[in-house]
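Spelled out, the chains give:
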Amino acid sequence: MTSTASDNDPILLTSTPAPGVMLLQLNRPHKLNALSLELLGALQRALTSAERNDDIKCVILTGSGRAFCAGADISDMGRGIGAYEDPRRLAAQDAISAFSKPLIAAINGYVLGGGLELAMTCDIAIAAEDAKLGLPEINLGAFPGDGGTQRLPRIIGKSLAMQMILTGEAISASEARRIGLVSEVTASDELLPRALGLATIIAGKSPQAVRIAKQAVLNAFDMPLSAGLKFERTATAAVFATEDRAEAIRAFTEKRAPVFKGR
Ligand code: COA
């Protein structure tokens with residue numbers, strides 16, 4: 001990962017490091033990848049394009065330099081750019097939340113404020129051992145307003161979430177792993193290879209099963225159990241009726257790998 005980008009570099013680096021996998025790298029390392037309105041817009045456009053591209057099955061999000069993302073751009077706030085209720089900002093946040101394909105956060109270094117909220121919007125979060133995770137908005141006379149007060153307690157429970165939000169203190173990668181905020185911690189140089197490994201495994205599955213499984217799991221955060229179970233039952237029946245499911249059963253009996261076509 002580069003840490004030498006200048007203002008002229010693209011603020012979001014996009015690549016396809018493996019078939020079916022898109023890598024998006026926040027690239028304002030001199031500002032610890034703070035989420036300017038421009039960067040949020042670039043992220044929204046990249047995800048919209050990934051959503052429409054059937055060849056993209058899974059997206060990895062990471063940061064250049066010594067941060068995943070240090071949160072909303074505080075200097076923009078000082079200059080009145082990208083106000084909290086700016087419809088462009090809110091639309092970008094909504095687009096990220098609504099992305100239907102798996103999104104993996106590969107967290108390097110600082111992940112603070114809106115950066116951690118972005119990582120929590122991802123479906124899987126893994127972190128390098130040097131990661132520092134926190135919601136410091138309280139130090140700026142505010143609190144997390146891009147999903148943090150809702151997603152954090154659902155992920156790690158009330159007391160820990162209150163502690164992080166009300167003190168603003170950051171935690172280490174190993175602590176984040178212990179409380180389930182990230183699923184794995186890797187050596188720094190293993191972060192992207194591991195994220196790519198996970199994304200490649202997911203990209204090899206039936207796209208429909210993956211998309212509906214993601215929705216079903218997200219429903220667990222949103223719905224009463226009875227409604228979630230109802231969705232799960234209907235969605236499972238729909239997935240059982242796909243060609244990919246029939247192909248997987250055939251492949252199992254023929255002792256070969258299935259070839260999924262997304263139908
Ligand atoms: N918005 C805008 N710029 C930011 C930023 C943010 N959220 N976080 C860091 N930066 C900028 C710094 O202003 C600095 O820019 P400069 O070199 O032009 O002065 C650069 O990134 C490097 O940050 P710096 O503070 O010098 O690095 P550090 O290693 O001393 O400290 C942090 C790192 C993450 C502890 C510190 O930058 C910080 O507290 N950032 C704010 C985090 C935050 O409150 N996020 C929530 C926003 S609502």
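You'll find the structure just up there.
Residues numbered from 1 in each chain as written. Predicted model: local features only at pLDDT ≥ 70, side-chain atom pairs only at ≥ 80, totals over all residues. Heavy atoms only, no water.

**Q** Lay out the state of the cysteines with the relevant residues and their values.
**A** In protein chemistry, a disulfide is the covalent bond that joins the sulfur atoms of two cysteines. All chains considered together, the criterion is met by 0 disulfides. Between Cys 58, a cysteine without a disulfide, and Cys 122, which holds the nearest cysteine sulfur, the sulfur-to-sulfur distance is 10 Å. Residue class for Cys 58 comes out buried when judged on its relative accessible area of 0%. With no disulfide of its own, Cys 69 lies closest to Cys 122 among cysteine sulfurs, the gap being 11 Å. (Disulfide = S-S within 2.5 Å. Buried < 20%, exposed > 50% of the residue type's maximum accessible area, 1.4 Å probe, protein only.)

**Q** Talk me through the environment of Ala 42; I want residue IDs and the actual numbers.
**A** Within the element layout of this structure, Ala 42 appears in helix H1 (residues 37–52). Each C-alpha atom, one on Ala 42 and one on Leu 26, is 9.4 Å from the other, the two residues being 16 residues apart in sequence. In contact with Ala 42, other than residues within four places in its own chain, are Ile 11 and Leu 12. (Helix = DSSP H or I, 4+ residues; strand = E, 2+ residues; numbered from the N terminus. Contact = heavy atoms within 4.5 Å.)

**Q** Break down the site of the ligand for me, citing the residues and quoting the values.
**A** Around the ligand sit 16 residues in total, of which Lys 31, Arg 66, Ala 70, Ala 72 and Ile 74 are the nearest. Contact distances for the ligand include 2.6 Å between an oxygen atom and a side-chain N or O atom of Lys 31. With respect to the ligand, the side chain of Arg 66 contributes an N or O atom lying 2.8 Å from an oxygen atom. Considered on its own, the ligand offers 860 Å² of accessible surface; in the complex 60% of this is hidden by protein. The element that contributes the greatest number of residues to the shell around the ligand is helix H2 (residues 74–78), accounting for 3 residues. Partitioning the shell around the ligand into residue classes produces 10 nonpolar, 2 polar and 4 charged. (Near = heavy atom within 4 Å. Polar contact = N/O pair within 3.5 Å; in protein donor to acceptor, adjacent residues only side chain to side chain. Areas by Shrake-Rupley, 256 points an atom, 1.4 Å probe, with all protein chains shown as cover. Nonpolar A, V, L, I, M, F, W, Y, C, P; charged D, E, K, R; others polar.)

**Q** Any details on the packing of aromatic side chains? Residues and values, ideally.
**A** One pass over the structure, following the stated rule, counts 0 aromatic pairs. The ring of Phe 240 carries Arg 245 above its face, with NZ or CZ at 3.9 Å from the centroid. (Phe/Tyr/Trp six-rings, centres within 6.5 Å; stacked < 30°, edge-to-face > 60°. Lys NZ or Arg CZ within 6 Å of the ring centre and 35° of its normal.)

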